[in-house]
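Architecture at a glance
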Amino acid sequence: MIDPILPTYNRVNLVFERGEGAWLFTKDGERYLDFTAGIAVNVLGHAHPHLVAALTEQAGKLWHLSNLFRIEGAERLSRRLVEATFADTMFFTNSGAEALECAIKMARKYQYVSGHPERNRIITFEGAFHGRTLATIAAGGNAKYLEGFGPALPGFDQVPFGDLDAVKAAIGPETAAILVEPVQGEGGVRAAPWAFLRALRALADEHGLLLVLDEVQCGVGRTGKLFAHEWAGITPDVMAVAKGIGGGFPVGACLATEEAAKGMTAGTHGSTYGGNPLAMSVANAVLDIVLQDGFLENVRATSGRLRQRLAELKDRHPAIIGEIRGEGLLLGVRTLVPNGEMVDAMRAEGMLGVGAAENVVRLLPPLNIGEAEIDAAFTRLDAACGRLEKGLRADTQKGAAA
Ligand code: PLP
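**Some points on the pattern of salt bridges**
If you walk through the whole model with that rule in mind, you get 20 salt bridges. Linking Arg 309 and Asp 375 is a salt bridge whose minimum nitrogen-to-oxygen distance equals 3.0 Å. Taken together, the residues Arg 309 in helix H10 (residues 295-316) and Asp 375 in helix H12 (residues 371-401) connect sequence positions 66 residues apart. We classify Asp 375 as partly exposed; its relative accessible area is 36%. The residue Glu 323 makes a salt bridge to Arg 325 at a minimum N-O spacing of 3.2 Å. Under the relative-accessibility criterion, Arg 325 is labelled buried at 12%.

**Things to note about the site of the ligand**
Taken together, Ser 95, Gly 96, Ala 97, Phe 129, His 130, Gly 131, Glu 181, Glu 186, Asp 214, Val 216, Gln 217 and Lys 243 are the residues near the ligand. The contact in question runs from an oxygen atom of the ligand to an N or O atom on the side chain of Lys 243, over 3.1 Å. Compared with its free state, where it exposes 390 Å², the ligand has 82% of that area covered by protein.

**Digging into the pairing of strand E10 (residues 210-214)**
Most of E10 is tucked away: five of the five residues are buried. Here strand E7 (residues 175-180) pairs with E10 via four bridges, running parallel. Within E10, the residue paired with Leu 179 across the bridge is Val 212. Bridge count between E10 and strand E11 (residues 238-241): three bridges; the pairing is parallel. Across the sheet, Asp 214 pairs through a bridge with Ala 240, a residue of E11.

**Some words on the sheet that holds E7**
One open sheet accounts for seven strands, arranged E4-E12-E11-E10-E7-E5-E6; its pairing is mixed. The open sheet has two edge strands, strand E4 (89-93) and strand E6 (156-159), and neither has a second partner. Pairs of neighbouring strands in the sheet enclose a mean axial angle of 20 degrees, with direction left out of account. Helix-sheet contacts for helix H8 (residues 194-207) involve strand E5 (121-125), E7 and E10, and the interaxial angle to E10 is about 145 degrees.

**Comments concerning the packing of aromatic side chains**
Scanning the model with the defined rule gives five aromatic pairs in all. Ring geometry for Phe 125 against Phe 161: centres 6.1 Å apart, planes inclined by 75 degrees, an arrangement best described as edge-to-face. With Phe 125 in strand E5 and Phe 161 in the loop between E6 and helix H7 (164-170), this pair connects stretches of sequence that are 36 residues apart. Judged by its relative accessible area of 1%, Phe 125 falls in the buried class. Relative to Phe 196, the ring of Phe 125 lies with its centre 5.7 Å away and its plane at 80 degrees, an arrangement referred to as edge-to-face. With Phe 125 in strand E5 and Phe 196 in helix H8, this residue pair connects regions lying 71 residues apart in the sequence. Comparing Phe 125 with Phe 196, the two get one shared label, buried. Among the aromatic residues, those joined into a cluster by ring pairs are Phe 125, Phe 161 and Phe 196. The ring centre of Tyr 145 lies 3.7 Å from the NZ or CZ of Arg 132, which sits over that ring. Seen from the ring of Phe 378, Arg 309 lies directly overhead, with NZ or CZ sitting 4.1 Å from the centre.

**Some words on the pairing of strand E3 (residues 31-34)**
The pairing of strand E2 (residues 23-26) with E3 spans three bridges and is antiparallel. Each residue of the ladder has a partner; that of Trp 23, found in E3, is Leu 33. A loop of four residues connects E2 with E3, the two strands running antiparallel in sequence, and Gly 29 in this loop sits at a positive phi of about 90 degrees. Alignment of E3 against strand E15 (residues 351-352), held across two bridges, turns out to be parallel. The residue of E15 that forms the bridge with Leu 33 is Met 351.

What counts and what doesn't
Residues numbered from 1 in each chain as written. Predicted model: local features only at pLDDT ≥ 70, side-chain atom pairs only at ≥ 80, totals over all residues. Heavy atoms only, no water. Salt bridge = Lys/Arg side-chain N within 4 Å of Asp/Glu carboxyl O. Helix = DSSP H or I, 4+ residues; strand = E, 2+ residues; numbered from the N terminus. Buried < 20%, exposed > 50% of the residue type's maximum accessible area, 1.4 Å probe, protein only. Near = heavy atom within 4 Å. Polar contact = N/O pair within 3.5 Å; in protein donor to acceptor, adjacent residues only side chain to side chain. Areas by Shrake-Rupley, 256 points an atom, 1.4 Å probe, with all protein chains shown as cover. Pairing = 2+ DSSP bridges. Axes fitted to C-alpha atoms, helices over the stretch in contact; angles between N-to-C directions. Contact = heavy atoms within 4.5 Å. Phe/Tyr/Trp six-rings, centres within 6.5 Å; stacked < 30°, edge-to-face > 60°. Lys NZ or Arg CZ within 6 Å of the ring centre and 35° of its normal.

Remember, this is a structural readout, not a statement about activity or role.
Pasting the structure below:
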């Protein structure tokens, strides 16, 4: 019999009752170190007092209005993001995929109102993940996610990640934009070389294309800069943001320059919930902390310390850990055993991580973890690797006996 929840996920059989910082607690009091952070969402951990206060205060005043009226929280959040980024304007959504949908529509509409209606194709990259709507699965191009869902939405040309010649070859008279994740998350924690991003910026400028970044996973401090493209010293024309911006409340945003947004006039796009007062109160509270002096420096320092411990772990377990990769606190451990086995072994040791492509386990802790959580992570990962080594030894013995 089908589960009352559509069974599109293989869920771990754990029920958490509450969370506190980087820790999750089950009903029977077991605790887990949460290095999934809701897949790069809970940037300030669970139940952060400032976010709880913002949400509960707003909950007593006003939950929802729709965009028929002005929403003060949205106006404030947009002003603050304009101040902190390349953007002049933005559209609020409830998820990453919706932020991408807005970005894709905006890129096409930009070319349309610029007198180039034929320019409606977008160059995307292998290994990309942009969401699960019809447009974003077409953009991502992953055959597994497209299979059985009918004709893929046309308008996307996919090339290998990091291959500049392939991008140049793909640019044609119908190209509108280039869409790229500065760091691919689901694709295996693969950071684009910063020089590659700079070259994409130059190509976009040369050919009159928009550079659209998907910073849904790598944005909002995750890499140690507010947005990952800052490492490359470039700015995009359009950028999709979600996950961390809401710290656990569903919020997304499509940020843009005034020029890129010029076709998105009244009536061209919409969302009932986008920019809802509850969401905006939490997102503003997230920014209160992420924009504090020293917050991002601290993310970079924490990343350095965690990476050092992970390098130590790799030395201790050369049969299990093949490589440490990533930026900031978007880290990946490529394992030499199936990554699912590593995730299971970690969970058995009281730590949560999440798989990605290329046999990688992602470590995505809250951005405000301290020394104690790094130590706890090291101990648990060390024990998980020990478990897996025991398994390998048992397999070898079995093989020898056979
Ligand atoms: N883009 C990237 C880079 C993502 O990692 C994700 C989600 O994992 C999405 C888009 C889609 O976001 P959502 O699941 O909120 O629709």
